[in-house]
Amino acid sequence: MIRTFLFDRGRDARISVIRETNRRLSESAGAENDLVSTVCGTLCAPGGYIHARVIEKRGSGAVRLAGSAGKSPGIADESISGLGIHPGGTSPVPVMIPLRSALAAAFPVPAGDDASMSLLVVAGSKRAYDPAETGDLAALAARLGGAIANLRLAARLDSLKTAYDAQSAALEDEREHSRRLLDLAPLPILQFGPEGEIRIFNRRCETLTGYRAAEALNRRMPDLLIPEALRSDFRRLLVELFIGRRSGSFPFPLQVRSGESIPVFWKTVPIRDESNGKICAILACGETTNASVSP
């Protein structure tokens, strides 16, 4: 009777510790190491487990101690990693490890498909781990795995964002450098997309047409800069340029803000998408001329 009473009291205390660990896990928002330390430390609170440990077996086979608390029972991390605890928490039941005067149990910690983690807890009673206690520990280990997976995903996303921001900044610096170089050119230089949308409009274009770059960018060149009578011809030329049927040089006038048409002889260079080789833009350099305005 006394033995049963003591057993029940120890079980209830451990379940209370598990519940407290769940509560603290819900409130934790720090790094992965802090999260694991919180779980292990709370499980080893007075009346709880005498030892708690989280280990990870990496793809290379190396075993990493993620965190621990309490007095170690002398179980090697490598031996725990070989107990059949698989990535994703596929082990259906915990693995029990009898000790001299205690009982250890290893639970899967599903922290993602690329992680193989285990939570080891050691109870000071060989009668520990009835179905209720085991179920609570398994649920805690699953919640811990989910929290770790979310932290790692957030870290990867943050790393990708940092890399993207750095590349974007470098690309913007490069674009700004290119824009300044183009502004130094004494000839009108512009770039347009498949629909004739203007993507580059250098300072000489501004001087020649009377439009500022801010007014021209993203506008369709036929609608803004080509005389109305020649817009159909220019759109047909666009199609031929982007399918690669026509390239090189040709005369085509610019209609400036005042409405006047200025004859310009254009030299064009196709810009191809590196991923598929298709023409994605046309870079054009113009020179005013007395040549015919017909394309």
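Since we're looking at a predicted model, the values are computed, not measured.

**Focus: the packing of aromatic side chains**
How two aromatic rings sit relative to each other is set out by the distance from centre to centre and by the angle between their planes. Under the definition given, this model contains four aromatic pairs. With 6.4 Å between their ring centres and 10 degrees between their planes, Y49 and Y129 make a pair best called stacked. With Y49 in the loop between α2 (32–43) and β1 (51–57) and Y129 in the loop between β5 (116–123) and α4 (131–184), this residue pair connects regions lying 80 residues apart in the sequence. Overall, Y49 belongs to the buried group, its relative accessible area being 2%. Grouped by ring-pair contacts, the aromatic residues F192, F234, F250 and F252 constitute a single cluster.

**Some details on the environment of S247**
Residue position: S247 is located in the loop between α8 (231–242) and β8 (249–251). Residue S247 is classed as exposed on the basis of its relative accessible area, which comes to 56%. If sequence neighbours within four positions are ignored, S247 has contacts with L241 and T268.

**A short note on the side chain of H51**
Mapping H51 onto the fold places it in strand β1. Within polar-contact distance, the side chain of H51 engages the side chain of R53 at 3.1 Å. Looking at H51, its side chain comes within polar contact range of the main-chain oxygen of A69, at 3.0 Å. If sequence neighbours within four positions are ignored, H51 has contacts with C44, S68, A69, G70, K71, S72, P73, L120, V121 and V122.

**Some details on α8**
In a regular helix each residue adds 1.5 Å, so twelve residues correspond to 16 Å; α8 covers 17 Å between its end C-alpha atoms and thus fits that length. Close packing links the buried residues of α8 with β6 (189–192), α7 (221–225), β8, β9 (254–255), β11 (264–272) and β12 (279–288). Immediately beyond the C-terminal end of α8, within one or two residues, lies G244, with a positive phi of roughly 80 degrees.

**With respect to the sheet that holds strand β7 (residues 198–201)**
Strand order in the open sheet formed by five strands is β7-β6-β12-β11-β8, with antiparallel pairing between adjacent strands. With one partner strand each, in any of the chains shown, β7 and β8 form the two edges of the open sheet. Across the sheet, the mean angle from the axis of one strand to that of its neighbour is 25 degrees, orientation sign disregarded. Where β8 lies against β11, three bridges are found, and the strand directions are antiparallel. From the neighbouring strand, S249 faces β11, where its bridge partner is K267. Packed on one face of the sheet, α8 meets β6, β8, β11 and β12 and runs near 125 degrees to β12.

**What to know about the sheet that holds β5**
Read from one edge of the open sheet, five strands run β2-β1-β5-β4-β3, paired in antiparallel fashion. At either end of the open sheet lies a strand with only one pairing partner, and these are β2 (63–70) and β3 (95–98). Taking each pair of neighbouring strands and ignoring which way they run, the sheet shows an average axis angle of 20 degrees. Note that β1 and β2 share seven bridges and pair antiparallel. When the sheet's bridge partners are listed, K57 is paired in β2 with V63. Those strands touched by α2 are β1, β2 and β5, and its axis lies near 40 degrees from that of β2.

Calculation notes
Residues numbered from 1 in each chain as written. Predicted model: local features only at pLDDT ≥ 70, side-chain atom pairs only at ≥ 80, totals over all residues. Heavy atoms only, no water. Phe/Tyr/Trp six-rings, centres within 6.5 Å; stacked < 30°, edge-to-face > 60°. Helix = DSSP H or I, 4+ residues; strand = E, 2+ residues; numbered from the N terminus. Buried < 20%, exposed > 50% of the residue type's maximum accessible area, 1.4 Å probe, protein only. Contact = heavy atoms within 4.5 Å. Polar contact = N/O pair within 3.5 Å; in protein donor to acceptor, adjacent residues only side chain to side chain. Expected span 1.5 Å × (residues − 1). Pairing = 2+ DSSP bridges. Axes fitted to C-alpha atoms, helices over the stretch in contact; angles between N-to-C directions.

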